[in-house]
Amino acid sequence: DVIPHGLCTTTVDTSAKNLLAYIALIDTNERQRNHINNNGPLPRKAHYNVMGTRSCIYHIGTKFPAGIDNRIFQVWTVWDKRKDVLTGNDLYV
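Residues numbered from 1 in each chain as written. Predicted model: local features only at pLDDT ≥ 70, side-chain atom pairs only at ≥ 80, totals over all residues. Heavy atoms only, no water.

S.K.: Which residues make up the side chain of His 35, and what are the values?
M.R.: Structurally, His 35 is set in helix α2 (residues 29-39). Of the polar contacts made by the side chain of His 35, one reaches the backbone oxygen of Leu 42; its length is 2.9 Å. (Helix = DSSP H or I, 4+ residues; strand = E, 2+ residues; numbered from the N terminus. Polar contact = N/O pair within 3.5 Å; in protein donor to acceptor, adjacent residues only side chain to side chain.)

S.K.: Give me the lowdown on the pairing of strand β1 (residues 44-48), citing residues and values where you can.
M.R.: Sheet topology places β1 next to strand β2 (residues 55-62); 5 bridges connect them, and they run antiparallel. Note on β2: the bridge partner recorded for Tyr 48 is Cys 56. Linking β1 back to β2 in an antiparallel pair, the connection comprises 6 residues, with Asn 49 at a positive phi of about 55 degrees. (Pairing = 2+ DSSP bridges.)

S.K.: Hey, could you go over the nonpolar core for me, with residue numbers and the actual values?
M.R.: With 5 residues, the main nonpolar core is built from Ile 26, Ala 46, Cys 56, Tyr 58 and Ile 60. Here the element with the most residues in this core is β2; it accounts for 3 residues. Residues contacting Tyr 58, with those up to four places away along its chain left out, are Ile 26, Arg 44, Lys 45, Ala 46, Phe 73, Gln 74 and Val 75. (Core = buried A, V, L, I, M, F, W, Y, C linked by side-chain atoms within 4.5 Å. Buried < 20%, exposed > 50% of the residue type's maximum accessible area, 1.4 Å probe, protein only. Contact = heavy atoms within 4.5 Å.)

S.K.: So, a nonpolar patch on the surface: which residues are in play, and what are the values?
M.R.: Taken together, the side chains of Val 12, Leu 19, Tyr 22 and Ile 23 define a hydrophobic patch exposed on the protein surface, amounting to about 350 Å² of accessible area. Within the fold, Val 12 resides in the segment before α1 (16-24). By relative accessible area, Val 12 is classed as partly exposed at 41%. (Patch = residues over 30% accessible without salt bridge, like charges linked within 9 Å, V, L, I, M, F, W, Y side chains within 5 Å. Areas by Shrake-Rupley, 256 points an atom, 1.4 Å probe, with all protein chains shown as cover. Salt bridge = Lys/Arg side-chain N within 4 Å of Asp/Glu carboxyl O.)

Printed below as a string of structure tokens:
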């Protein structure tokens with residue numbers, strides 16, 4: 001079977017620590033309220049520290065317009081802190 005998947009990249013104008021906090025703290029009350037307002041009772045759940053790793057598995061149901069079935073997305077984010085060999089700055093990869 002072929003499993004559909006996707007990959008995307010972007011440039012974000014913020015510090016690495018702020019971006020990591022935004023990605024890692026998915027399960028806030030404010031984000032839950034926004035999800036319910038936009039998607040109704042579709043599922044939304046985050047699992048942190050999966051198997052002792054610096055990771056998060058995130059399941060989210062997304063409502064689509066009439067004629068398109070709603071979708072469940074699963075995202076697994078993994079990160080590590082490193083030092084840039086050229087500049088010595090902190091990197092989160």
